[in-house]
Amino acid sequence: HAPAPAPTARHVRADVLKRFWDLASEREEARIDACEGLVRDLSRASDGDGDGGGGADAKDARDSARASGRDDGNDDGNDGCDDAVTYALRRLTRGLSSGRGGARQGFALALSELARGATAKLTPGQALEALDANVAPITKSTKGSEIRDIFLGRLFGAGAVARALQGGGGGSDEERARCGGDVARRARAVAMEKMHLAEPAAACVIELKSSLGVELFGTVVEREPSIREWLSADCSEKGGAETVWLACELYDALPNSVREKITCVPMTTKKTSGKKAAKAGARGDGVDWSEMFTRTHLKKISNALLEASYTHPRMHSAWEMLIREASGAGGTITLWEVTCEEGLFVSGSHQRRFLGFRVFDALLNCAEVNEIPGLFSDNFVKCLLNNLSQPDNYLHECALDCLARIIKFASNKKTSADKKIAVIAALQRQGPTRFDQITKTNAVQDLVKSLDESEVAHYLDSLFEIVTAAPQRDTDVVGTAEELESALANGAGQRRRLWALEQMAGLTSMLSKDKQVQLVQFMMYHAFYRVKNGSKKGKSALPGHLRSSTLEEPAGAVRAACATRALAMLNANIRALRASSNKDASTDGKKSDVPDLLDETTSFCRALESDANIEMCDAIPSEYAEVRSDLFNALDACEKSKSEVSHKVMPLIRVLAVLQVTDWREYTPVLQDLPRCINELIAKKLKKKKDDDAPEAIDVLTDILLSLLAQPSALLRDVVEHTFKAVSGQVSKEGIQDMLRIVAGPEVGEGAGGDDDDDDNDDDDDDDVLMEADDSDMDDDEDEDEDDEDDEDDEDD
């Protein structure tokens, strides 16, 4: 008899037909609902409930077929299935080659459910037979796009059957193993035909292992030569990434005889099998990942990983696996250096560099604190900067995205302070502002500003370590011992120490009061002091954060930078204190939040100099040390005095005490008369001088202030100006005359070699100017002098 005609759409109810349309929906929820509805309808049909999903035409066709004896088979190889199931199987297998919407995903899902035995009418083996019967063959007339759809249909079908074997589906273990071998052969055939389908073909085999279990899949591997050939293939050739991925994911299920032939995974006899493997449920059990991430082995598979850039713009699954396992095996930096720094970023391929940026992002999110600096390697940073600075570059947008991901990672509240600081330090490795200047962004600056107070404090501690640690020698530099020392003192390591000092100064406004004090103490100590050789352990004036902070050689440039930064920090603090005090005076009078760093620094220096184990780098001679001692005594007297003048001159004393440490040869001679002046100014009783020629203390102080204005220190000049403003009301006539002489300048024509008579006339003119000024001052101050004399008489009484 001729075979019965295959059921067509008119033999199936409209509501069942609608399920197939919904299976092709791009919405996953719609596809799942349609699959469940289709299985439910076909189950009722298989159980004889209703007309089997067909209408009257379907029932008449079945009756006619039975009467004529034509219901004994069909050309789809689906004996025993009713019309609705037969139609569904043919529609699903043919639809796997459709590129419409989500047809492949939806039809593969439904085929997997049917082949699992959901209708009690179909087995995985029958589903494979239907695939062979209904998926169109490839001929010479088949177009390229059609060939692609056919291969994808075969692959989705094999994956659906592999998933249908889960949970014991497919009958006995023997039947499941035979069906699994068939699925593996089909997947391997697709991978051999089309390179771009090798990865999903490998995913199909991995899915098969998950469905069959370790033991049964091992049996399939022993029987199926196509899998063994795939696993033992040379990973340096095309398709090597799939070989690496497969070998690692299947390794725990492979017999030792197969493992021995695999070159992309280090050999290990470890084998997790049976119930233990199922209980563990971990991918990659059996692979020795510590050996996998050795530099030697990574070089063997690096070419395969580089070739995996063909999946652009998506990352190959082999990369995802290695990144996932690298952190736990301690192989993050080795993986990065071998495959990316020495591979992807030295390649001229845009796709490979794009992949390198994606790998960086993935590794950064799972890296430990000590691994983050290694990720910001030279070739990566160079590639990132080049593409950020050139908007016309092919990878410019990719570089922008990579930078945005870095900023997002470092700004995330869930990211630890250590990791945030590591990222900021890595971006500033070439200089505190170089990255922002080249990229024309404020990325680094914004990251620093995003740190809270505790994170800034932690960042400061990390900078302390950078400054004190000795720079590493450059192995590429050769020469004499002197040349090596010079290279070390001027190399990148030393520049990084100086950069850290600059970064510290920029953090001042973000630090708490205690941390600001610690910072200025750190700079002052490393600029001017050190521990004596052979000093004894015991009680020390050094704060805890400085006791273990030894400045390693070469230290000359670092000490000079510390001195400059410390004085600049003090100058900025003094101005901030003045602004804060003025603001408080004009508002509610609340106490200022700005610490008095000048006071803290002076006390710190006195404490260090009183410690027998601490010495100055440039020690003050004993004859000058007495002047310093008198200066500190005058400071103590001012602190105890209730005189208004005493508090006005205290900043000057403190600044001079600090500056004397910086250059005692320059400042000590100027300071010799200052303690006496201060003591006389703050005396409780001011007595008239019997010797009219002896200058008054305020005039001596004025002379000292005027002489200090010639010093190059901006800090000193600022304090001198404000000190003079504070005491200017007490300057005597003689003091004013001295200032006028200085303002008038040197005598005109002095040393010019001109006529003597002219010089005499000029002198007379100058004298006339001074006399007129003196007379004017005397007339203006006559009443004030009388008042002062009355005040003095009252005090004597």
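Residues numbered from 1 in each chain as written. Predicted model: local features only at pLDDT ≥ 70, side-chain atom pairs only at ≥ 80, totals over all residues. Heavy atoms only, no water.

Describe the overall build of the protein, listing the residues and the values that go with them.
Broken down by element type, the protein carries 40 helices and two strands. Here the protein holds 797 residues, and 45% of them are scored as buried. In the protein, of all internal contacts separated by at least 6 residues, the share reaching a separation of at least 24 is 71%. Summed over all atoms, the accessible surface of the protein reaches about 40100 Å², with 47% contributed by carbon and sulfur. (Helix = DSSP H or I, 4+ residues; strand = E, 2+ residues; numbered from the N terminus. Buried < 20%, exposed > 50% of the residue type's maximum accessible area, 1.4 Å probe, protein only. Contact = heavy atoms within 4.5 Å. Areas by Shrake-Rupley, 256 points an atom, 1.4 Å probe, with all protein chains shown as cover.)

Explain the pattern of salt bridges to me, using residue names and the numbers behind them.
When their charged atoms lie close together, side chains carrying opposite charge are able to pair. Tallied over the entire structure, the rule returns 33 salt bridges. In this structure, Lys515 engages Asp461 in a salt bridge whose closest nitrogen and oxygen atoms are separated by 3.1 Å. Here Asp461 lies in helix H26 (residues 453-468) and Lys515 lies in helix H29 (residues 513-528), a separation of 54 residues in the sequence. According to the relative accessible area criterion, Lys515 is buried, its value standing at 14%. Overlapping salt bridges, with partners in common, bring together Asp132, Asp182, Arg185, Arg186 and Glu224 in one network. (Salt bridge = Lys/Arg side-chain N within 4 Å of Asp/Glu carboxyl O.)

Describe empty space enclosed by the protein, with residues and values.
Following the criterion strictly, the structure yields one cavity of 30 Å³ or more and no others. Considering only enclosed or pocket space, the largest cavity measures out at about 50 Å³ in volume. Considering the residues around the largest cavity, the lining is formed by Ala308, Ser309, Thr311, His312, Pro313, Arg314, Met315, Gln351, Phe354, Leu355 and Arg358. Considering only residue class, the lining of the largest cavity consists of five nonpolar, four polar and two charged. (1 Å grid on protein atoms, 1.4 Å probe; cavity = no way out; pocket = protein on both sides within 12 Å on 5 of 7 lines; lining within 4 Å. Points joined across faces, edges and corners; volume = space filled by probe spheres on them. Nonpolar A, V, L, I, M, F, W, Y, C, P; charged D, E, K, R; others polar.)

Let's hear about the packing of aromatic side chains: which residues, and what values?
Here the structure, examined in full by the defined rule, presents 14 aromatic pairs. Between Trp336 and Phe380 the ring centres are 5.7 Å apart and the planes differ by 80°, which places this aromatic pair in the edge-to-face class. Residue Trp336 is located in helix H18 (residues 332-341), and its partner Phe380 is located in helix H21 (residues 378-389); the two are separated by 44 residues in the primary sequence. The exposure classification of Trp336 matches that of Phe380, with both residues buried. Considering the side-chain rings of Phe360 and Phe380, the 4.2 Å spacing of their centres and the 20° angle between planes classify their relative orientation as stacked. One end of the pair, Phe360, is in helix H19 (residues 350-366); the other, Phe380, is in helix H21, and 20 residues separate them in sequence. Phe380 matches Phe360 in its accessibility class, with the two residues each being buried. (Phe/Tyr/Trp six-rings, centres within 6.5 Å; stacked < 30°, edge-to-face > 60°.)

With reference to specific residues and values, describe the environment of Phe724.
Locating Phe724 in the fold gives a position in helix H38 (residues 714-727). With 18 residues separating them along the chain, Phe724 and Leu706 place their C-alpha atoms 9.1 Å apart. Beyond its immediate stretch of four places on either side in the chain, Phe724 contacts Thr702, Leu705, Val731 and Met739.

Outline the nonpolar core, listing residues and values.
Ranked by size, the top nonpolar core spans 221 residues in total, and within it Phe376, Phe380, Val423 and Met504 carry the most contacts. In terms of residue count, helix H34 (residues 644-662) provides more of this core than any other element does, 11 residues in total. The residues touching Val423, leaving out its near neighbours within four places in the chain, are Leu364, Ile372, Phe376, Ile406, Phe409, Ala410 and Leu447. (Core = buried A, V, L, I, M, F, W, Y, C linked by side-chain atoms within 4.5 Å.)

Which residues make up unusual backbone geometry, and what are the values?
Going from His312 to Pro313, the amide bond is cis rather than trans, its omega being 5°. Residue Pro554 is bonded to the preceding Glu553 through a cis peptide linkage, with omega at -5°. Following the sequence through the fold, Pro554 ends up in the loop between helix H30 (544-547) and helix H31 (556-586). If you check the backbone angles, Lys440 has positive phi at about 55° while not being a glycine. By the secondary structure assignment, Lys440 is in the loop between helix H24 (434-439) and helix H25 (443-449). Judged by its relative accessible area of 74%, Lys440 falls in the exposed class.

For a negative patch on the surface, give the residues involved together with the corresponding values.
A surface patch of negative charge is lined by Glu28, Glu29, Asp33 and Glu36. Assignment of secondary structure puts Glu28 in helix H2 (residues 28-46). (Patch = residues over 30% accessible without salt bridge, like charges linked within 9 Å, V, L, I, M, F, W, Y side chains within 5 Å. Lys, Arg positive; Asp, Glu negative; His and termini not counted. Charge placed at Lys NZ, Arg CZ, Asp CG, Glu CD.)

Can you break down H38 residue by residue, with the values?
Given 3.6 residues per turn, any residue in an α-helix points the same way as the ones three and four places further on. Look at H38: 20 Å from first C-alpha to last across 14 residues, which is about the 20 Å you get at 1.5 Å a residue. Leu715, Leu716, Asp718, Val719, Val720, Thr723 and Val727 are the residues of H38 that are buried. (Expected span 1.5 Å × (residues − 1).)

Which residues make up the side chain of Thr415, and what values go with them?
By secondary structure assignment, the location of Thr415 is in the loop between helix H22 (396-411) and helix H23 (417-427). Its relative accessible area of 10% is what places Thr415 among the buried residues. Residues contacting Thr415, with those up to four places away along its chain left out, are Phe409 and Lys420.

Could you give an account of the state of the cysteines, with specific residues and numbers?
The full count for this structure, using the stated rule, is zero disulfides. Cys398 forms no disulfide, and the closest cysteine sulfur to it belongs to Cys402, at a distance of 6.7 Å. (Disulfide = S-S within 2.5 Å.)

Go over the packing of helix H8 (residues 173-193) against helix H9 (residues 198-212) with me, naming the residues and quoting the values.
Packing of H8 against H9 leaves a shortest axis separation of 8 Å and a crossing angle of 170°. Comparing their axes, H9 and H8 come out roughly antiparallel. H8 and H9 meet at a crossing whose hand is left-handed. Touching Arg176, Gly180, Val183, Ala184, Ala187 and Ala191 of H8 are Ala198, Ala201, Cys204, Val205, Leu208, Ser211 and Leu212, all from H9. For the contact of H8 with H9, a count of residues per class yields 10 nonpolar, two polar and one charged. (Axes fitted to C-alpha atoms, helices over the stretch in contact; angles between N-to-C directions. Parallel < 35°, antiparallel > 145°, perpendicular 65-115°, else oblique. Left-handed = near helix turned anticlockwise from the far one by under 90°.)

Residues and numbers for the packing of helix H33 (residues 622-640) against helix H36 (residues 674-681), please.
Contact pair H33 / H36: the axes reach a minimum separation of 9 Å and the direction vectors enclose 20°. By the angle between their axes, H33 is roughly parallel relative to H36. H36 is crossed by H33, and the crossing has left-handed handedness. Contacts between H33 and H36 involve Asp630, Leu631, Ala634, Ala637 and Cys638 from the first element and Leu674, Pro675, Ile678 and Asn679 from the second. Considered class by class, the residues forming the contact of H33 with H36 number seven nonpolar, one polar and one charged.

Give a detailed account of the environment of Ser317, specifying residues and quantitative values.
Examined against the element boundaries, Ser317 turns out to sit in helix H17 (residues 317-329). On a C-alpha basis, the gap between Ser317 and Leu246 in space is 9.9 Å, while along the polypeptide they are 71 residues apart. Beyond its immediate chain neighbours, meaning those up to four positions away, Ser317 contacts Glu199 and Trp245.

Can you lay out the confidence of the model for the protein for me, pointing to particular residues and giving the numbers?
Interpreting fine coordinate detail is not advised for predicted regions of low pLDDT. Of all residues in the protein, 78% have pLDDT values of 70 or greater, and the mean over the chain is 80. Element-level pLDDT for the protein is lowest in helix H14 (residues 274-280), with a mean of 42, against a maximum mean of 95 in H19. (pLDDT = per-residue confidence, 0-100.)

Can you break down the environment of Tyr310 residue by residue, with the values?
Locating Tyr310 in the fold gives a position in the loop between helix H16 (295-307) and H17. According to the relative accessible area criterion, Tyr310 is partly exposed, its value standing at 25%.

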